[in-house]
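# Understanding the architecture of this molecule
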Amino acid sequence: MSTTTDLSFPITEVPFSCAGSWLDVSPVVAENRVEQDLHLVSHHTGMHAVLALVPLLAGTRAAVAVAATPSVLTWTHDAGRVALAFETPDTIRITGTTLALSLTAAHAVLTPFSGTYFYRDPVTDSYVFTSYETGRRYRVTVLAGTVEAIGDQALGTHERGVVVSAEAGDWEVVVETYRTSRAPFRSEKRFDEVVRDRAGQFDAFLDAIAPWRDESTPAAALAAYLLWSATVDPEGFVRRPAVLMSKHWMDKVWSWDHCFNALALAGGEPELAWDQFLAPFDHQDESGALPDSVTHSEVLHNFVKPPIHGWALGQLRRRLNRPLDRSQLEIAYRRLDAWTGFWLDHRRAPGHSLAHYQHGNDSGWDNATTFDGGGLVESADLAAFLVLQMRQLAALADELGQGDDARKWEARAADMLVALLDELWDGDRFTSRDPITGAHRTTDSLLELMAVILGEHLPEEHRRRLGARVERHLAHSGLATEPTDSPHYESDGYWRGPVWAPSTVLIEDGLRRGGFTELADLVGTRFRAVCEKSGFAENFDAKTGGGLRDRAYTWTASAYLLLAGDEVRRRS
């Protein structure tokens, strides 16, 4: 089995970080913005480049090769090298031989409201950058070598930072982030020990969540690294350890993305998996609604996300390496009860049996063609998710000894399934309906086939027709969200063509439970292949398989781990 020593990754696509940290090192400093040099990037109060890290040779930028593994990042030149590693989530060690390193504020302009101030601290004899954008300080302490400071206490527009070097031997510095003050840096570890410890931590994580990996799953280690390195410690509005969707610009927890990460972690990291499942529920409001997204300094309630959580909880319980205890079951029941109540009480027009979305963003499929005729939509996918969620509530209530509630939820699930079949099925396919006008419409969006998630709960004829329509979406690289022969298909159209992880996992599961195992196998095989070719992008070009948008997306990595692990287990 592969270990961290076998894994390297392109720093332009995958940021270098470690579990628990709100920092990463990457040339990606904003959405679609890649700098020439690597930067220390913070995800406090959003994504902010803090320090530019530039290796120097004889006072000028050195032409270096950059290599990254889970434990160490290196800049290499024929004349020498620089290496960087996380000692702790908020402490970075950097050492170099022959090459010097410039650490300068990413932005030269300092105003009364923005930018970075820089000074030498007379208490600790270190150099401190304090950032308006992140509200944090970044302290550079020289452990070996010499330092030249530039722009000490300078105001206005000025270069600010330090250059560290050594005339002979190695130099070393430590960069720490903190709020207001901190004792002088002390460590008993040598740099090589820091690297070894970090490698051991990642290897343990990899072995825990992907013990099944073999030569048929070559991307498993990188997928695990994405999950491990995108995990942050509780801070701000993030109240428990959480896996961000990315440590590029998609640095939030959205209220359906988290479910896939929870499932991928369940087999080996049950506590972390449970935290992922509950993370958005920490901000459930009085109506039962989940937020659209949560991050360090922001909780958004302008939209919601689809109620896949009943389906996800059932999957989570099946995948966990130990059962949930009664208190966890009670929490799950209470949270899902309120979340389902939101849809039934606040998202059903008077006299209507089916709930509706208010905008494509509510569905998670922001710009899918389903919403071209208007954002208010009663759709089959939403009804299907609620049916599964109410069935899960019935099972939980029965397990908790609440028989009346169990019967209530069973009846509600049955009623909604009948309404779905009676009101949205046109004899050949599911339609969508405007809750105000009652007008039905159909499009070619894969979203309109998502009711296949009902699997065995759908009548056989409905399953057969949905399965045949799913096949039309099966492109070279997986399930296209808009068929490649549709006039609305766009290769980089977000939910109007590209292949996505969540739709793949949901449909693969529904097909498999509905008896279409060969088609489910094909869906999983093609998705795994595109990940092995193009990494774990936010989505993929359905025809070419090229990675699109954010190139280090954790739910994509989780989908790969789920599908790959299931396939290995089926073979064995």
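Here is a short report on the structure shown in this document. (Residues numbered from 1 in each chain as written. Predicted model: local features only at pLDDT ≥ 70, side-chain atom pairs only at ≥ 80, totals over all residues. Heavy atoms only, no water.)

### Thoughts on the overall build of the chain
- Helices and strands together make up the secondary structure of the chain, namely 13 helices and 28 strands.
- Whereas a compact globule of 572 residues would reach a radius of gyration of roughly 25 Å, the chain reaches 25 Å, a difference of no more than 12%.
- Each principal axis of the C-alpha atoms in the chain carries an extent, and together these give about 80 × 45 × 45 Å.
- For the chain, the residues scored as buried account for 60% of the 572 residues in total.
- Total accessible area on the chain stands at roughly 21,300 Å², and carbon and sulfur atoms take up 49% of it. (Helix = DSSP H or I, 4+ residues; strand = E, 2+ residues; numbered from the N terminus. Rg over C-alpha atoms; globule rule 2.2 N^0.38 Å. Buried < 20%, exposed > 50% of the residue type's maximum accessible area, 1.4 Å probe, protein only. Areas by Shrake-Rupley, 256 points an atom, 1.4 Å probe, with all protein chains shown as cover.)

### Quick word on the environment of Ile 209
- Mapped onto the secondary structure, Ile 209 falls in helix H1 (residues 191-209).
- According to the relative accessible area criterion, Ile 209 is buried, its value standing at 6%.
- Placed 59 residues apart in sequence, Ile 209 and Gly 268 show a C-alpha to C-alpha distance of 4.4 Å.
- Setting aside residues no more than four positions away along its own chain, Ile 209 makes contact with Ala 224, Leu 227, Ala 264, Leu 265, Gly 268, Glu 269 and Leu 561. (Contact = heavy atoms within 4.5 Å.)

### What about the pairing of strand S17 (residues 170-178)?
- Along S17, 8 of the 9 residues are buried, which leaves the element largely enclosed by surrounding structure.
- With 7 bridges joining them, strand S8 (residues 91-97) and S17 adopt antiparallel strand pairing. Looking across to S17, one finds that Gly 96 is bridged to Trp 171.
- Taken together, the 7 bridges between strand S13 (residues 137-144) and S17 define a ladder with antiparallel strand orientation. Its bridge partner lying in S17, Arg 137 is registered against Tyr 178. (Pairing = 2+ DSSP bridges.)

### Focus: the nonpolar core
- Judged by nonpolar contacts, the single largest core of 173 residues is most densely connected at Ile 94, Tyr 225 and Leu 316.
- No other element matches the 13 residues that helix H8 (residues 380-399) contributes to this core.
- If we ignore the near neighbours within four places in the chain, the residues touching Tyr 225 are Leu 7, Phe 9, Val 14, Pro 15, Phe 16, Ser 17, Pro 70 and Phe 202. (Core = buried A, V, L, I, M, F, W, Y, C linked by side-chain atoms within 4.5 Å.)

### What about the layout of surface pockets?
- Empty space within the largest pocket amounts to approximately 430 Å³.
- What lines the largest pocket is a set of 22 residues, among which Trp 311, Gln 315, Arg 318, Asp 509 and Arg 513 lie closest to the centre.
- When contributions to the lining of the largest pocket are tallied by element, the ones reaching two or more residues are helix H5 (309-319), H8, helix H11 (501-513) and helix H13 (554-571).
- Residue contributions to the lining of the largest pocket peak at 6 residues, all from H5.
- Across the lining of the largest pocket, the residue classes break down as 7 nonpolar, 5 polar and 10 charged.
- Of the pockets and cavities examined, the second largest pocket occupies roughly 340 Å³.
- In this structure, the second largest pocket is lined by 23 residues; those nearest its centre are Met 250, Trp 254, Asp 292, Asp 366 and Tyr 494.
- Within the lining of the second largest pocket, the residues separate by chemical class into 12 nonpolar, 3 polar and 8 charged. (1 Å grid on protein atoms, 1.4 Å probe; cavity = no way out; pocket = protein on both sides within 12 Å on 5 of 7 lines; lining within 4 Å. Points joined across faces, edges and corners; volume = space filled by probe spheres on them. Nonpolar A, V, L, I, M, F, W, Y, C, P; charged D, E, K, R; others polar.)

### Some remarks on the sheet that holds strand S7 (residues 80-88)
- Strands sit in the order S5-S6-S7-S8-S17-S13-S12-S11 across an open sheet of 8 strands; the sheet is antiparallel. Single-partner strands in this sheet number two, and they are strand S5 (65-68) and strand S11 (116-121). Strand-to-strand twist of the sheet, defined as the mean angle between neighbouring strand axes without regard to direction, takes the value 20 degrees.
- Pairing between strand S6 (residues 73-77) and S7: 5 bridges, direction antiparallel. Note that in S7 the partner of His 77 across the bridge is Gly 80.
- Packed onto the sheet, H1 meets S7, S8 and S17 and runs at close to 60 degrees relative to S7. (Axes fitted to C-alpha atoms, helices over the stretch in contact; angles between N-to-C directions.)

### Observations concerning unusual backbone geometry
- The backbone of Gln 153 shows a phi angle near 65 degrees, a positive value even though the residue is not glycine.
- Although it is not a glycine, Arg 549 sits at a positive phi angle of roughly 60 degrees.
- The topology assignment puts Arg 549 in the loop between strand S28 (547-548) and H13.
- With a relative accessible area of 33%, Arg 549 lands in the partly exposed category.

### Overview of the side chain of Thr 370
- Tracing the backbone shows Thr 370 in the loop between helix H7 (360-363) and H8.
- In this structure the side chain of Thr 370 is engaged in a polar contact, spanning 3.1 Å, whose partner is the side chain of Glu 448.
- Beyond its immediate sequence surroundings of up to four residues, Thr 370 is in contact with Val 377, Ser 432, Arg 441, Thr 443, Ser 445, Leu 447 and Glu 448. (Polar contact = N/O pair within 3.5 Å; in protein donor to acceptor, adjacent residues only side chain to side chain.)

### Re the packing of helix H3 (residues 257-265) against H13
- Between H3 and H13, the least distance of the axes is 8 Å, while the angle of their chain directions is 40 degrees. As judged from the angle between their axes, H3 and H13 are oblique. For the pair H3 and H13, the sense of crossing is left-handed. Here H3 contributes Asp 257, Phe 260, Asn 261, Leu 263 and Ala 264 to the contact with H13, which in turn contributes Thr 554, Trp 555, Ser 558, Leu 561 and Leu 562.
- Residues of the contact of H3 with H13, tallied by class, amount to 6 nonpolar, 3 polar and 1 charged. (Parallel < 35°, antiparallel > 145°, perpendicular 65-115°, else oblique. Left-handed = near helix turned anticlockwise from the far one by under 90°.)

### Focus on the packing of H8 against helix H9 (residues 403-424)
- Where H8 contacts H9, the two axes come as close as 7 Å, and the packing angle between them is 165 degrees. Accordingly, the angle class assigned to the pair H8 and H9 is roughly antiparallel. Our pair here, H8 against H9, has a crossing hand that is left-handed. In contact with Ala 380, Ala 383, Ala 384, Leu 386, Val 387, Met 390, Arg 391, Leu 393, Ala 394, Ala 397 and Asp 398 of H8, H9 contributes Asp 405, Ala 406, Trp 409, Glu 410, Arg 412, Ala 413, Met 416, Leu 417, Leu 420 and Leu 424.
- Here the contact of H8 with H9 is built from residues that sort into 16 nonpolar, no polar and 5 charged.

### Quick look at the packing of aromatic side chains
- Overall, the coordinates contain 28 aromatic pairs when judged by the stated rule.
- Summarising the aromatic geometry, the rings of Trp 256 and Trp 555 are spaced 5.2 Å apart at their centres and angled 90 degrees between planes, so their arrangement reads as edge-to-face. Placement of Trp 256 in the loop between strand S20 (253-254) and H3 and of Trp 555 in helix H13 is noted, with a sequence separation of 299 residues between them.
- Judged by relative accessible area, which is 3%, Trp 256 ranks as buried.
- Taking relative accessible area as the criterion, Trp 555 reaches 3% and is therefore assigned buried.
- Measuring from ring centre to ring centre gives 5.9 Å for Trp 339 and Phe 342, while their planes differ by 10 degrees; the resulting arrangement is stacked. One end of the pair, Trp 339, and the other, Phe 342, are both in helix H6 (residues 326-346), 3 residues apart, so they sit about a helical turn from each other. We note that Trp 339, like Phe 342, is buried.
- Here a set of aromatic residues connected by ring pairs shows up, and it is made of Trp 256, Phe 260, Trp 311, Trp 365, Tyr 494, Trp 495, Trp 500, Tyr 553 and Trp 555. (Phe/Tyr/Trp six-rings, centres within 6.5 Å; stacked < 30°, edge-to-face > 60°.)

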